[in-house]
Amino acid sequence: MKDLISDTTHVLDTNYLIQNLREMSNGNMNLTLKVWRQKNAQTAGKFVSYKAENISPDMSFLEMLDVVNEGLTHKGDEPINFDHDCREGICGMCSLYINGHPHGPKRGVTTCQLHMRTFHDGETITIEPWRASAFPVVKDLAVDRSAFDRIQQAGGYVSVNTGVTTDGNAILIPKVIADEAFNSATCIGCGACVAACKNASAMLFVSAKVTQLGLLPQGQPERYSRVQSMVAQMDEEGFGSCTNTGACEAECPKEIKLTNIARMNNDFFSAKLFREEEIHGEHH
């Protein structure tokens, strides 16, 4: 207990918990939502204000939206369209820009993992879709992120027969490389990096997918063709350039590191200098 009290972080967490318990004891939260409503990518959108009443601090952000939509449906109004699926921080579907941050103000969490106790009773919350020309609005807060799928299809695969699990585990890989590959593989392709970047760059996403395969023995046959194909597809999709501001890493819910971009650039330039003729021969 002495060590716990001496830790400033834990003291702050305890105070935060007490504050939220008081809010719960005083009743549920009442909030104002400023939600972006847009029929489709071809029509203009606008912010519309809604009241979110009797919201429990223990609800997730998506559960709060479910309650609001239920109220809209009962009144005969059209519910707010937003993406969601697993609600466990794995699928990458939840894609809301909340109070100026992808997935909200907390670091290292997706929207479905964001709880309403993060906010305060009476607060106004602004909710927008991802803002990028490569992510056209489908409706309201939902955007089309199929550009990521096409980038992955361009080179995010291996051609070798990797066998069963035991065969894969028989290949000795240094722990530092295995850890780097695993950390890159945690990318869920949500697009927060694009939404956070002032240029709407997809470099963090692409570099994570390139690194995930390029570091492992099974990914070596396509290592240099992969990076060129995926970067070319990224450019074709209309994503912006990287200027190393670091907003992507800061807002990534899986905390993918900028070092992946440096590693991808190294492979890309190596391919252009030494392997381009070989790659062109493969494609043509």
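The residue numbering used here restarts from 1 in each chain and proceeds along that chain's sequence as written. In keeping with the model being predicted, local features are shown solely for residues with a pLDDT of at least 70 and side-chain atom pairs are shown and tallied solely at 80 or more, while totals for entire chains, interfaces and linings include all residues. Side-chain measures were taken over the full set of non-hydrogen atoms in the model, leaving aside hydrogen atoms and water.

For the protein, the name recorded in an unreviewed UniProt entry is Succinate dehydrogenase/fumarate reductase iron-sulfur subunit, with Mucilaginibacter dorajii as its organism. A UniProt comment under Sequence similarities (unreviewed entry) is attached to the protein, and it reads "Belongs to the succinate dehydrogenase/fumarate reductase iron-sulfur protein family." UniProt positions are given in the numbering used here, feature names are shortened, and annotations may be inferred rather than shown by experiment.

S.K.: What exactly am I supposed to notice about the nonpolar core here?
M.R.: A general feature of soluble globular proteins is that nonpolar side chains tend to end up buried together. The set of buried Ala, Val, Leu, Ile, Met, Phe, Trp, Tyr and Cys residues whose side-chain atoms join them within 4.5 Å is what this entry labels a nonpolar core. Burial here depends on accessible area, computed with a 1.4 Å probe over protein chains only, as a share of the maximum for the residue type. Under 20% is buried, over 50% is exposed, and the range in between is partly exposed. If you look at the biggest cluster of nonpolar residues, it comprises 38 residues, and the most contacted ones within it are Phe135, Phe148, Ile151, Val194, Val206, Met234 and Phe239. A helix here means a DSSP run of H or I that spans at least four residues, while a strand means a run of E at least two residues long, and both kinds are numbered starting from the N terminus. Broken down by secondary-structure element, the contributors of at least two residues to this core are α4 (146–155), α7 (192–196), α8 (203–214), α9 (223–237) and α11 (259–283). With 27 residues, the next largest nonpolar core counts Leu31, Phe61, Leu96 and Cys112 among its residues.

S.K.: Would you mind showing me how to read the pairing of strand β1 (residues 29–37) here?
M.R.: It is a general feature of regular strands that their side chains alternate between the two faces of the sheet. The buried fraction of β1 is high, at seven of nine residues. DSSP calls a pair of strands paired once it identifies at least 2 bridges connecting them. Relative to strand β5 (residues 124–128), β1 runs parallel, the two sharing four bridges. Bridge pairing links leucine 33 to isoleucine 125 in β5.

S.K.: Quick question: what am I supposed to make of the state of the cysteines here?
M.R.: A covalent bond between the sulfur atoms of two cysteines is referred to as a disulfide. Here, the term disulfide refers to a pair of cysteine sulfur atoms separated by no more than 2.5 Å. Inspection of every chain in the model, using the stated rule, returns zero disulfides. A disulfide-free cysteine, cysteine 193 has its sulfur positioned 6.5 Å from the sulfur of cysteine 248, the nearest such atom. Of all cysteine sulfurs in the structure, the one in cysteine 190 sits closest to cysteine 252, which takes part in no disulfide; the separation is 6.3 Å.

S.K.: I keep staring at the packing of aromatic side chains and nothing clicks. Help me out?
M.R.: How two aromatic rings sit relative to each other is given by the distance of their centres and the angle of their planes. Between 30 and 60 degrees the pair is tilted, below 30 it is stacked and above 60 it is edge-to-face, where a pair is any two Phe, Tyr or Trp rings, Trp via its six-membered ring, whose centres lie within 6.5 Å. In this structure the tally under the stated criterion is seven aromatic pairs. Ring geometry for tryptophan 36 and phenylalanine 47: centres 5.1 Å apart, planes at 80°, overall edge-to-face. One end of the pair, tryptophan 36, is in strand β1; the other, phenylalanine 47, is in strand β2 (residues 46–55), with eleven residues separating them in the sequence. What makes tryptophan 36 buried here is its relative accessible area of 14%. Looking at phenylalanine 47, the relative accessible area reads 36%, which means it is partly exposed. Ring centres of phenylalanine 135 and phenylalanine 239 lie 5.6 Å apart, and the angle between their planes is 80°; this geometry places the pair in the edge-to-face category. Residue phenylalanine 135 is located in the loop between β5 and β6 (137–139), and its partner phenylalanine 239 is located in the loop between α9 and α10 (247–251); the two are separated by 104 residues in the primary sequence. Of the two residues, phenylalanine 135 and phenylalanine 239, neither departs from the other in class, the shared state being buried. Put simply, the rings of Phe135, Phe148, Phe205 and Phe239 touch in pairs and so form one group of aromatic residues. Only when the NZ atom of a Lys or the CZ atom of an Arg is both within 6 Å of the ring centre and within 35 degrees of the ring normal do we say a charge sits over the ring. One Lys or Arg, lysine 34, reaches over the ring of phenylalanine 47 and ends 5.7 Å from the middle of that ring. Over the ring of tryptophan 36 we find arginine 131, and its NZ or CZ is 4.3 Å from the ring centre.

S.K.: I would appreciate a short explanation of the packing of α4 against α9 in the present structure.
M.R.: Packed helix pairs are characterised by how far apart their axes lie and by the angle those axes make with each other. Only the stretch in contact is used when fitting a helix axis, every axis being a line fitted to C-alpha atoms; angles between N-to-C directions are given from 0 to 180 degrees. Where α4 contacts α9, the axes come no closer than 7 Å and their chain directions differ by 155°. It follows that α4 is roughly antiparallel to α9 by the angle criterion. Note that α4 runs across α9; the crossing there is right-handed. Between α4 and α9, the residues in contact are Ala147, Arg150, Ile151, Gln152, Ala154 and Gly155 and Arg226, Ser229, Met230, Gln233, Met234 and Glu237, respectively. Roughly parallel means an angle under 35 degrees; roughly antiparallel, over 145; roughly perpendicular, 65 to 115; everything else is oblique. Two helices crossing with the near one rotated counterclockwise from the far one by less than a right angle form a left-handed crossing, whereas a clockwise rotation gives a right-handed crossing. Working rule for contacts: check all heavy atoms of both residues, and any pair within 4.5 Å makes them a contact.

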